[in-house]
Amino acid sequence: MRRALKQRVGRRQLIALETELLAELRAVKHRVPHLAGGLVASVDGLLVAHDTHGTEPSGLAAMTAASLSLAQRLADTTGQGEFRESLVRGEHGYVATYAAGGSCVLTLLAHPDVNVGRLHLEARRSAQRIAGLLNDSLLPKDPRDPG
Amino acid sequence: MTDAAGALKQAMTSIEGAIGAALVDYNSGMALATLDGPGGLDLNVAAAGNTDVVRAKMRTMDMLGLQDGIEDILITLSSQYHLIRPLTGRTGKGLFLYLALDKSRANLAMARHQLTRIEADLEV
């Protein structure tokens, strides 16, 4: 994903994109109390941006992709359509993954005290904004391009 | 005894001025049941937001050293009343009823009285 992005958008734009994604991750963290961290990864498991402390982000991005492909198949075979989100609740907290457009996902880590209703609310909006950011970078507005 | 859906229906039909009701789990912030009225409120947003209200009040009471329970929380807007009533029954632990009322049509004393009865009847 990173390489694909690099080829298409160039280094400077990629850094700008990462800064914007990081700002978005921090904004979610600010709006949802008890959030431990988050990352944006491509669906093939490569890390795009992260704001996690203590958790190894590239490993988490890879695992997100693995669980995502299973979740996708599960949704597909049971006729639920496209993957939208998944929530894993452990003894010590939550791992939530949200689709951010067709090529990336937003994964958030939360403490057990988190308000899940609020987490869903904020993360869904944030995933949409992230999809928008990625879309804008992958499809740069070119005046010569009619599409 | 009424179930969640029945209790919300009762609240919406019998309480004058009701514009939305929800049964919310304040451990997760998610609604177990919602019933829309003419108010056009997004009750899932209300559930998540008011969970923070309930948690904040419980934390405050804890910090003040008050060994007491919340009977209800009233929020008065310029055109609405919002009533929050934590469930006290054995099966209702960690839940609260949320009721939004149109201020110009509602009778607050009556609404609180009716909500108390609905809560007492509710079996989750």
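Going by the structure above, here's the rest.
Notes on the structure follow. (Residues numbered from 1 in each chain as written. Chains lettered and ligands numbered in written order. Predicted model: local features only at pLDDT ≥ 70, side-chain atom pairs only at ≥ 80, totals over all residues. Heavy atoms only, no water.)

**Here we look at the overall build of chain A**
Our working rule: Per the convention used, a helix needs a DSSP run of H or I reaching at least four residues, while a strand needs a run of E reaching at least two, with both numbered from the N terminus. We call a residue buried when its accessible area falls under 20% of the maximum for its residue type, exposed when it is over 50%, and partly exposed in between, using a 1.4 Å probe and counting protein chains only. Working rule for contacts: check all heavy atoms of both residues, and any pair within 4.5 Å makes them a contact.
Scanning chain A from N- to C-terminus turns up four helices and five strands. Helices and strands appear in chain A in the N-to-C order α-α-β-β-α-β-β-β-α. Per-residue burial over chain A gives 43% buried out of 147 residues. Sequence separation of 24 or more characterises 52% of the internal contacts of chain A that already satisfy a separation of 6 or more.

**Examining the interface of chain B and chain A**
The condition that has to hold: Accessible area that two parts lose when put together, evaluated with a 1.4 Å probe and summed over both, is termed the buried area. Should a side-chain nitrogen of Lys or Arg be within 4 Å of a carboxyl oxygen of Asp or Glu, the pair is scored as a salt bridge. We define a polar contact as two N or O atoms separated by no more than 3.5 Å, with the added condition that, inside protein, one atom must be a possible hydrogen donor and the other a possible acceptor, whereas residues neighbouring each other in sequence contribute only through side-chain atom pairs.
Facing the nine residues of chain B at the interface are eight residues of chain A. A combined buried area of about 670 Å² lies between chain B and chain A, and 51% of that area is made up of carbon and sulfur atoms. Three residues, Met30(B), Asp52(B) and Arg55(B), lead the burial of chain B against chain A; their summed loss comes to 48% of the area buried on that side. Counting every contact that joins chain B to chain A gives one salt bridge. Among the salt bridges present, the one from Asp52(B) reaches Arg118(A), with a minimum N-O distance of 2.0 Å. Across the contact surface, chain B and chain A share seven residue pairs in polar contact (both at pLDDT 80 or more).

**Quick word on the sheet that holds strand β1 (residues 18-25) of chain B**
All names here are of chain B. For the record, the criterion: Here, strands pair whenever DSSP counts at least two bridges between them. Axis definition: a line fitted to C-alpha atoms, over the contacting stretch in the case of helices. Angles run 0 to 180 degrees between N-to-C directions.
The antiparallel open sheet is built from five strands, whose spatial order is β2-β1-β5-β4-β3. A single partner strand is all that each edge strand has here, and the edge strands are β2 (30-36) and β3 (73-76). For this sheet, the mean angle separating the axes of adjacent strands, direction not counted, is 15 degrees. Relative to strand β5 (residues 95-102), strand β4 (residues 80-86) is paired through seven bridges, and the arrangement is antiparallel. Each residue of the ladder has a partner; that of Gln 80, found in β5, is Asp 102. Lying over the sheet, helix α2 (residues 43-63) contacts β1, β2, β3, β4 and β5, oriented at roughly 115 degrees with respect to β5.

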